[in-house]
Each structure stands twice: as structure tokens, then as C-alpha cells.
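Close look at the chain arrangement
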Amino acid sequence: MSTPSGPVRNNAEVRIAPCGDHFLLTWERGSRLRMAAAAQRLVRTCWAEWNLADHGVEPSRGFRQVLGLADDAPVPGLFDLATTVTPDSLPALYQTLYDVILRKRTTECVLRLRGKGGRVFRMVAEPVRIAPGSLVWAVRAVLIDVTADRRRREAAHRAEREAHREHERAEAVAEIADVLREAVLPHFQDELDTHGLEAAAVYRPDAREAGVGGDWYKARKLPDGRLLIALGDARGHGLEAVTLMAKLRYALAGLAYTEQPVEQLTQWLNEVACADGSESTATAIIARYHPERALLRWTCAGHPRPVLVREGHATQLPAPEGGPDLSLGVLSGTVYSATATPLEIGDIVLMYSDGLTERRPADPDKDTDRFLSAAARCFQEAAPGIGHAGLQEYAERLTACLNDPHRTDDATLLALRRINT
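Overview of the structure. (Residues numbered from 1 in each chain as written. Predicted model: local features only at pLDDT ≥ 70, side-chain atom pairs only at ≥ 80, totals over all residues. Heavy atoms only, no water.)

What follows deals with the overall build of the chain. If you tally the helices and strands in the chain, you get nine helices and 19 strands. Burial status across the chain gives 45% buried among its 421 residues. Summed over all atoms, the accessible surface of the chain reaches about 22,600 Å², with 54% contributed by carbon and sulfur. (Helix = DSSP H or I, 4+ residues; strand = E, 2+ residues; numbered from the N terminus. Buried < 20%, exposed > 50% of the residue type's maximum accessible area, 1.4 Å probe, protein only. Areas by Shrake-Rupley, 256 points an atom, 1.4 Å probe, with all protein chains shown as cover.)

All right, on to the sheet that holds strand E10 (residues 197–204) then. Within a sheet, each strand pairs with its neighbour through backbone hydrogen bonds, oriented either parallel or antiparallel. Spatially, five strands are ordered E10-E19-E18-E15-E16 in an open sheet, and the strand pairing comes out antiparallel. Only two strands of the sheet have a single neighbouring strand rather than two, namely E10 and strand E16 (313–316). When strand polarity is set aside, the average angle formed by the axes of neighbouring strands in this sheet is 20°. Against the sheet, helix H9 (residues 387–402) engages E10, strand E15 (307–310), strand E18 (348–352) and strand E19 (411–418), with an angle of about 35° to E10. (Pairing = 2+ DSSP bridges. Axes fitted to C-alpha atoms, helices over the stretch in contact; angles between N-to-C directions. Contact = heavy atoms within 4.5 Å.)

Turning next to the pattern of salt bridges. Under the definition given, this model contains 20 salt bridges. Arg112 is the partner of Glu154 in a salt bridge, and the nearest nitrogen-oxygen pair spans 3.5 Å. Taken as a pair, Glu154 in helix H5 (residues 147–184) and Arg112 in strand E7 (residues 107–112) lie far apart in primary sequence, 42 residues in all. Of the residues examined, Glu154 reaches a relative accessible area of 30% and is grouped as partly exposed. A salt bridge links Arg204 to Glu396; its shortest N-O distance comes to 2.8 Å. Here Arg204, found in strand E10, pairs with Glu396, found in helix H9; they are 192 residues apart in sequence, far enough to count as distant. With relative accessibility at 30%, the residue Arg204 sits in the partly exposed group. Residue Glu396 is classed as partly exposed on the basis of its relative accessible area, which comes to 32%. Ionic contacts of the salt-bridge type, sharing partners, join the residues Arg44, Arg119 and Asp145 into one network. (Salt bridge = Lys/Arg side-chain N within 4 Å of Asp/Glu carboxyl O.)

The next thing to look at is a nonpolar patch on the surface. A cluster of nonpolar side chains, contributed by Leu326, Val330 and Leu331, occupies part of the molecular surface with about 260 Å² of accessible area. Positionally, Val330 belongs in the loop between E16 and strand E17 (338–342). A relative accessible area of 48% means that Val330 is categorised as partly exposed. (Patch = residues over 30% accessible without salt bridge, like charges linked within 9 Å, V, L, I, M, F, W, Y side chains within 5 Å.)

Looking now at helix H8 (residues 364–381). Taking 1.5 Å as the rise per residue, H8 with 18 residues should run 26 Å; its terminal C-alpha atoms sit 26 Å apart, in good agreement. Among the residues making up H8, those that are buried are Asp367, Thr368, Phe371, Leu372, Ala374, Ala375, Ala376, Cys378 and Phe379. Turning to H8, the residues buried within the fold contact E15, E16, E18, H9 and E19. (Expected span 1.5 Å × (residues − 1).)

Our next topic: the environment of Arg129. Residue position: Arg129 is located in strand E8 (residues 120–129). With ten residues separating them along the chain, Arg129 and Val139 place their C-alpha atoms 9.1 Å apart. Here Arg129 is in contact with Lys104, Ser134, Leu135, Val136 and Trp137, once residues within four sequence places are set aside.

A sheet is described by the order of its strands in space; here five strands give the open sequence E11-E12-E13-E14-E17, paired in antiparallel fashion. The open sheet has two edge strands with one neighbour each: strand E11 (215–221) and E17. Averaged over all adjacent pairs, the angle separating strand axes in this sheet is 15°, with direction ignored. Those strands touched by helix H7 (residues 262–275) are strand E13 (282–290), strand E14 (295–301) and E17, and its axis lies near 30° from that of E14.

Within the secondary structure, Thr84 is located in helix H3 (residues 81–84). On a C-alpha basis, the gap between Thr84 and Leu111 in space is 9.4 Å, while along the polypeptide they are 27 residues apart. In this structure, Thr84 is in contact with Arg112, Leu113 and Arg114, ignoring residues within four places of it in sequence. In terms of polar contacts, Thr84 uses its side chain to reach the backbone carbonyl oxygen of Leu81, at 2.8 Å. (Polar contact = N/O pair within 3.5 Å; in protein donor to acceptor, adjacent residues only side chain to side chain.)

Next up, the structure:
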């Protein structure tokens, strides 16, 4: 309602009821009571006083609403509260009543109400006495709905426990990965020197996966006097990728003893991956070095092609005829072709996984150009020294040059250099 002097606020509660041929008009100043009830609903708080002599109850106006009781439901007596709470809340309730009534102390407890909602209240109770030292004749208590807060805490505790379990799992996975990596990734010294090659390798795990990845490499002597050389990348991350990586690596080591050409080895290895399941795919370079001819014969199963560094110039080796062929594990019965690369003394062949060069968004041509540029620049800035240590230093420098702090995959570099035997 407005007047010339401004709005007028009506704080009275007005009721109109029929009374014969007339209307009965009543009003009362009830705004404070309504505000108090509204405040109780907003903060989910109510209070009551229980008389121990006559068992009477004087509740606040919003007592039933806050506790979720029907408007016509009886207000529970002090000892009736035991029937409204869950069994696990009874010890706390009884201890609180003991402390208030007999010990005459103000205390509090947490009570969970029965029902589907499982609402939780914090009850703060105090003794009511006529004079200090007299007997307690009533219990006065405030009940605060802490359901939301308790649920948030429980959710936080669950998240904390889950994070702790995840941390323990990551540590266990990292420990297993370390053991597997030491078992399957060789450390080169000079064991290939007598066959005309030096080898060096650098492996950089993906930090997000606790050091677990699917990259693998191999370089070893075979009984026929030739060298088996391979580098692959099993699909995915985690222990599944490590398991597939180890399976392919050990399968290749056994197959190589058949002295079959590398295209046959690659075909057999593809069948091993296909038999492992539809998700067990991998890329690989499978090669055999023939010392008597200084010749490297190799296949490419969906992998980045090797790079030849000769007199400081880096070029990507041409793919085998019809290649590069399909990745391992994609299609059973795939036939692979091989190509031969003659090596001169001092030539360096670099095999690498795409994790070393790949950037987002992916562009294979740009990734290859980046690798070629870095390989040539690192060579020209400091030509690899003599011996295994010199080749290893070059591989480390090249890896550091290409490494990206935002890398999302593990990265591997295998360097081979022909030496004079």
C-alpha cells in the first residue's frame, strides 16, 4: 500500500472468515514469529525444552519442519528421541543425556535420524536449573541439521581414500614397470663392436603414466653371425602396453633364431599380435644387419622410418617397396616387404618412436622435418666422439633437443653407427 508520504509496510497477519451474514476479521502482529520460523528453515536449526517433571515439551515454531515431521505429528519427548535415531546414534544420545541430567554439564552429540534421507543433526544440550547446585528440572537443546556438511566431509574422505589408493597403485605400477623395463630394455656397451656396429639408446617415459609405456628396442648377436635390430611401440599406456611390448620383444627374439628373412619375422610377429586380441596393435622396425656386406635389411610395420646421418646430413630412408606396411596386430595374414640399406663407415642410423617427435596437432611431415633438422644440427654442433660413449652422448643430446615438457607419450631413440672392424 502506498500513501503520499511513501509506502506503508503492514506487519500484521490478517484473517477473514465467514460468520453468518457477516465476515469475522482478525489480525495479529505475527511477523516476528514468521521470521523466526523462516530463519529456522533457512539454517535448518530448531530448539526445544523438555520438562523432566511432567514430560512436557516446549518446541520452537519450526521444530517439526526442521526435523521433517508432519505438521500434526506429536513432538517427541526427551526419551522418545531414541526411537527417532538410528541404532548407531543411541550410545551418543544416552551419554549426552547422562552428562546433562546427572553431571549437569552442557554437551553435544551427533544424531542420525531414521528414514530414507538419513539426515544428520548436531544436538547441543544444557541443563535447566532453578538455582546453582539445584537439581536439573529440564533439558534445553538446539538441533542443527548438518546433513549437507556431513555428506561433503564423507565425500571428501572417500575422495582422499581413493586418491591414496590411486597413489599406492601408481607406485606399485611404477615399481613393476621399472623391473620390466630393466628386464626388457638392454644397456649397450661394446658387445656389437666385433660385428661392425656401435649401439646407443635413450628412453624417456611418459611421466603421466608412472614411467610405464609400450616402447621397446632390441639389438643382439645371432648364432649366424648377424645382428638382430628392432624398435617398436605397443599401443596404449600402462601395464597392458608393457605386457604387449614384452610379449612382442621376446617373441621376436625366439623367431630370429629361425634365420628367416626379416619380412618373414615381421609377418610372424604380426600373427602373435593378432592372436593377442583386437586391441593389441603395435608399430615396429624389424632389421637384420649383415656385417660381411655392411648391409641393413629392414621392414616397416606402420612405424616412422629410420633416419641416416652421413657426414652431418640427415635423410629419412626410403620405405620398402609398397610400404610402409600395416601395423602389427591389425590384419592377420599381412605380407611385409623389406628394403636394404648399405652403410658406410661412420654412418649413423637413427630409429625412434613417434613420442619423440609428435606434437599436437599431429602432422607427420612436420614431425619428420623436425627430427631431421635436429639430427643434423646436433651432429654439426658437436660431431659424435669415438666409441660407444661418444655415440651415447650424441643420442642424449638429440633426445634433449627434441624433448617436449608437454609430451604425452614415452619416447625412445636407438642409434647405430658403423665402425671399422
